[in-house]
Amino acid sequence: FFFAFEQHHHTMADPYFDLIMNEDLANNEYPKDLEAVQASDGHKCLMAQVMTKELWEKLKDHKTASAGWTLARAINTGTCYPSSFVGCHAGDLESYTDYKELFYPVIEMYHKGYKTDGSMKHVTDMDVEKITTGLGDTTQAKIISTRIRTARNLKMFPLNPGGTKETRLEIADLMEKVFATLEGDLAGKFYRHTSMTPGETQNLVDWHFLFRGKDKMQAASGYHADWPHGRGIFVSADEKFLLWINEGDHIRIISMEQGGDVKSVFSRLSRGVAAIEAGLKAVTGRDDVYMHDEILGKIACCPSNLGTCMRGSVHILVPKLIAKIGFDEIDKIARGMNCQARGSSGEHSEVIDRIDIFNSAVMQSALDVHIHDTLPTQGPSHTAVYNTFV
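Here the structure is a predicted model, which is why all the values come from computation and not from measurement.

### A closer look at the sheet that holds strand β9 (residues 339–342)
Sheet architecture is open: eight strands sit in the order β2-β3-β4-β5-β1-β8-β10-β9, paired in antiparallel fashion. What marks the edges here is a single partner per strand, and that holds for β2 (188–192) and β9. Each strand axis lies, on average, 20° off the axis of its neighbour in the sheet, ignoring direction. In this structure, strand β8 (residues 310–317) lies alongside strand β10 (residues 354–359), joined through five bridges in antiparallel fashion. Each bridged residue has a counterpart across the sheet, and for Leu317 the counterpart in β10 is Arg354.

See the structure below:
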């Protein structure tokens, strides 16, 4: 596993892993490819809708203090891949303020209803006792598994698109010390991508735990730079609590289990986030360890993940619904509820007999997304879902 990736770094650049800049952006020029996209009909890339030549000329020579992040780096993904819905990434905390004329409109377009003018302040509330509505037996019977994850980035490092091999390794070393502080059902084992055995690798793949990079859009942001150095996965003994290290954000904290006990999954996540924060404070001696902003909430590399940085998802078994109205219609209905649908094995995967439903809105308080016993029945599309699904 490690040898194969080492080999690729000694050959030509690989768009699935290496940072490849658009030629114009590499020369600090407004990209002709972006102009062509902006002149076309029907493109949906949020960055392309906001970016202008005037804004480019104003900010093209600026570099942020922490990572030296430039506007060219920020818009590379959407320029290289116009099908990228967001199309821009941050390299450090200052990116969001130094380039706010780009990022703030994108944030408001993605997180509909949220204002970045200072009139709204973000609060991440992970008090499980505030979940007072449960799922009924009929609904739970259709849920195969439940998964809730959140991301956190550490204040003492740049975000990974603006980071280096050295900063990623420092983060992995730091988190290994933090993992040693975990107790009870949160305790487990840390596997580094560069040192796990072939057997361990295969087990993590078979369990659908392991992240493996190989994404062109993420690579264009710098997510996969120096792969696989500094990457790793922590798995609790009961395999219900996981952390991804340097997949994209510094740490992704995941709670999951079979069945539909959402409250149990969220409770474990809440405890895990608190335990990781306590461990970081103990190991570093710092009082404040997570990157955050009073307006934007918890900071992430991609504007789509700002706020709670949290997404909850359920795998639901709905073969009749898939056969009756198809995946695209299911996704359309889900998006009307600030959710999205993915295939049976995650994003871009084949749809067989089950789908993954998850929230797309993450700027609100973690508990602003309420749990309902049944899907709404207003309108013909929702009625079809209700009659078939429920």
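### Some remarks on helix α11 (residues 165–179)
Look at α11: 21 Å from first C-alpha to last across 15 residues, which is about the 21 Å you get at 1.5 Å a residue. Among the residues making up α11, those that are buried are Thr167, Arg168, Ile171, Ala172, Leu174, Met175, Val178 and Phe179. Across the axial projection of α11, the buried residues extend over an arc of 165°, all falling on one side. Against the buried residues of α11 lie β2, β3 (232–236), β4 (241–245), β5 (251–258) and α14 (262–284).

### A word on the environment of Met156
Relative to the helices and strands, Met156 is located in the loop between β1 (143–152) and α11. As a C-alpha pair, Met156 and Thr167 span 11 residues in sequence and 9.7 Å in three-dimensional space. Setting aside residues no more than four positions away along its own chain, Met156 makes contact with Thr284, Arg286 and Val289.

### Some thoughts on the pattern of salt bridges
Two side chains of opposite charge can pair, provided their charged atoms sit close to one another. In total, this model carries 16 salt bridges according to the counting rule given. Between Asp185 and Arg271 there is a salt bridge, with the nearest N and O atoms lying 2.8 Å from each other. Placement of Asp185 in the loop between α11 and β2 and of Arg271 in helix α14 is noted, with a sequence separation of 86 residues between them. Under the relative-accessibility criterion, Asp185 is labelled partly exposed at 31%. For the salt bridge of Arg342 with Asp356, the shortest nitrogen-to-oxygen distance reads 2.8 Å. On the criterion of sequence distance, the pair formed by Arg342 in strand β9 and Asp356 in strand β10 is long-range, its members being 14 residues apart. For Asp356, a relative accessible area of 3% translates into the label buried.

### Here we look at the pairing of β4
Burial runs high along β4: five of the five residues are buried. Examined bridge by bridge, β3 and β4 share four bridges and lie antiparallel to one another. The residue of β4 that forms the bridge with Ile233 is Trp244. Relative to β5, β4 runs antiparallel, the two sharing five bridges. Paired with Ile245 across the strands is Ile251, a residue of β5. Linking β4 to β5, which pair antiparallel, is a turn of five residues; within it Asn246 sits at a positive phi near 60°.

Scoring rules and cut-offs
- Residues numbered from 1 in each chain as written.
- Predicted model: local features only at pLDDT ≥ 70, side-chain atom pairs only at ≥ 80, totals over all residues.
- Heavy atoms only, no water.
- Pairing = 2+ DSSP bridges.
- Helix = DSSP H or I, 4+ residues; strand = E, 2+ residues; numbered from the N terminus.
- Axes fitted to C-alpha atoms, helices over the stretch in contact; angles between N-to-C directions.
- Expected span 1.5 Å × (residues − 1).
- Buried < 20%, exposed > 50% of the residue type's maximum accessible area, 1.4 Å probe, protein only.
- Arc of directions from axis to C-beta.
- Contact = heavy atoms within 4.5 Å.
- Salt bridge = Lys/Arg side-chain N within 4 Å of Asp/Glu carboxyl O.

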